[in-house]
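# Understanding the architecture of this molecule
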Amino acid sequence: MDNPDDELGQLATVFNETLTRLELSFEQMRRFTADASHELRTPLTAIRSVGEVGLRASRDEETYREIIGSMLEEADRLARLVDRLLTLSKADTGEASLSIDVIDLCELADRVAGQLDVLAEEKEQSIQIVRDGAPRCTGDPLVLRQALLNLVDNAIKYSPVGGRITIRVAQPPTGATIDVCDTGPGIPAELQSRIFDRFYRVDQSRSRENGGTGLGLSIAKWAVEVNGGRLTLEETNGAGSTFRITLPQNAPSPIASSLRAV
Ligand SMILES: Nc1ncnc2c1ncn2[C@@H]1O[C@H](COP(=O)(O)OP(=O)(O)O)[C@@H](O)[C@H]1O
Ligand SMILES: [Mg+2]
């Protein structure tokens, strides 16, 4: 060894960097567990207090029905949350194995629109699909569908009654894109970098009312990236939001398919 000090110095630097990364990932895990516990406790507390109040005196049948109805609603919220946490946990450990196929993006958009039409109708909204060619890509159809479902679900949820949602499917020379545009309030520029974070909601109260968990976008981002693509929020100049999925034409590589969640 010509210069042991330098070698040792380099070793110490690498060691310190590794420690910092480890600390960061422990901190992220700690925060995730704390946030998840907090979110799980909210519907549990609601179920418990509704039940306790219901048992305090005898009530007529209609009141009991209402009580059971609201307990079931909270149980649904709990189940949704647990499903989402499981998805993220599989993503974190790289357990989510992909089943790669050729995906017809127009068909994917049709399916997602069909699945969420009922929700849109409840708010007198329309979901329009605009096709530019017959874009295809290779990836896992189910995982990609989850991403698009989460985006369209948000578009419906955050747009007002009578709003318009457009799913635009196109194939520029570089790959394929799916845009989800809505006529909602948009997302303030200073918050745009945070909306993909786990549990983050722009408006806690509005989102809670809608049954939001703050996990939809982080799952969507993972689902797109594991398919070798990118999920971005496009500039809309204050007129609603447009989220864009950009996909490569080739199948995700083995490296991409073991990608960890964000
Ligand atoms: N299409 C949209 N229009 C306006 N705000 C949105 C839209 N999509 C997401 N957001 C904001 O980003 C936050 C995170 O979204 P998401 O991760 O899907 O969580 P949530 O469960 O609250 O829908 C939402 O709480 C909302 O404030
Ligand atoms: Mg959502």
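All values reported here derive from a predicted model rather than from experimental measurement.

A tally of helices and strands in the protein yields seven helices and seven strands. Mapped from its N terminus to its C terminus, the protein presents α and β elements in the order α-α-β-α-β-β-α-β-β-α-α-β-β-α. A principal-axis box enclosing the C-alpha atoms of the protein has dimensions of 90 × 50 × 35 Å. In the protein, which comprises 262 residues, the share counted as buried stands at 38%. Intrachain contacts of the protein at a sequence separation of at least 6 include 73% that bridge at least 24 residues. With an accessible surface of roughly 15,400 Å², the protein has 53% of that area assigned to carbon and sulfur atoms. Taken as two groups, the 29 positive and 40 negative side-chain charges of the protein have centres that lie 3 Å from each other.

The next point concerns helix H3 (residues 105-122). In this model, H3 (18 residues) spans 26 Å end to end at C-alpha, consistent with the 26 Å of a helix rising 1.5 Å per residue. The axis of H3 is deflected most strongly, by about 50°, at leucine 116. Considered for burial, the residues of H3 that qualify are Leu105, Cys106, Leu108, Ala109, Val112, Ala113, Leu116 and Ala120. If you check the start of H3, you find a side-chain oxygen 3.0 Å away from the backbone N of cysteine 106, and it comes from aspartate 104. Just downstream of H3, glutamate 124 is the residue with a positive phi angle, here 50°.

This part covers the nonpolar core. Of all hydrophobic cores here, the largest spans 46 residues; its most connected members are Leu105, Val152, Ile167 and Phe243. Within the residue set of this core, elements represented by two or more residues are H3, strand E2 (126-131), helix H4 (141-158), strand E4 (164-170), strand E5 (176-181), helix H6 (216-225), strand E6 (230-234) and strand E7 (242-247). For this core, the leading source of residues is H4, giving nine residues. If we ignore the near neighbours within four places in the chain, the residues touching isoleucine 167 are Ala109, Ala113, Ile127, Gln128, Ile129, Val130, Val152, Ile178 and Asp179. If you look at the next biggest cluster of nonpolar residues, it comprises eight residues, including Ala36, Phe199, Leu215 and Ile219.

For the rest of this paragraph, the subject is the confidence of the model for the protein. Looking at the protein, pLDDT values average 88 and 91% of them are 70 or higher. By mean pLDDT, helix H7 (residues 254-257) is the weakest element of the protein at 46, and E2 is the strongest at 98. Across residues 254-260 the pLDDT falls below 50, and counting only partners more than four positions away or on other chains, this stretch makes 13 contacts in the model.

Turning our attention to the environment of alanine 34. With respect to the helices and strands, alanine 34 occurs in helix H1 (residues 4-55). Sequence-wise, alanine 34 and alanine 223 are 189 residues apart; in three dimensions their C-alpha atoms are separated by 24 Å.

Further remarks concern the domain arrangement of the protein. Per the domain assignment, the segments of the protein are domain 1 (4-92) and domain 2 (101-257). Taking only C-alpha atoms into account, the centre of domain 1 sits 24 Å from that of domain 2. Taken together, the 14 residues of domain 1 in the interface contact 13 residues of domain 2. Here domain 1 and domain 2 share an interface that buries about 1,400 Å² over both sides, 58% of which is from carbon and sulfur atoms. Taken as a group, Arg77, Arg84 and Leu88 account for 42% of the area that domain 1 buries against domain 2, more than any other trio of residues on that side. Across the salt bridge formed by glutamate 39 and arginine 201, the nearest N and O atoms sit 2.8 Å from each other. Residue assignment for the side of domain 1 that touches domain 2 shows that the elements contributing at least two residues are H1 and helix H2 (61-92). Considering each element in turn, the side of domain 1 that touches domain 2 owes the most residues, nine residues, to H2. When grouped by side-chain class, the residues that make up the side of domain 1 that touches domain 2 number six nonpolar, two polar and six charged.

Calculation rules
Residues numbered from 1 in each chain as written. Chains lettered and ligands numbered in written order. Predicted model: local features only at pLDDT ≥ 70, side-chain atom pairs only at ≥ 80, totals over all residues. Heavy atoms only, no water. Helix = DSSP H or I, 4+ residues; strand = E, 2+ residues; numbered from the N terminus. Buried < 20%, exposed > 50% of the residue type's maximum accessible area, 1.4 Å probe, protein only. Contact = heavy atoms within 4.5 Å. Areas by Shrake-Rupley, 256 points an atom, 1.4 Å probe, with all protein chains shown as cover. Lys, Arg positive; Asp, Glu negative; His and termini not counted. Charge placed at Lys NZ, Arg CZ, Asp CG, Glu CD. Expected span 1.5 Å × (residues − 1). Bend = angle between axes of the 7 residues up to and from the residue. Polar contact = N/O pair within 3.5 Å; in protein donor to acceptor, adjacent residues only side chain to side chain. Core = buried A, V, L, I, M, F, W, Y, C linked by side-chain atoms within 4.5 Å. pLDDT = per-residue confidence, 0-100. Domains from an automatic or database assignment. Buried area = accessible area lost by both parts, 1.4 Å probe. Salt bridge = Lys/Arg side-chain N within 4 Å of Asp/Glu carboxyl O. Nonpolar A, V, L, I, M, F, W, Y, C, P; charged D, E, K, R; others polar.

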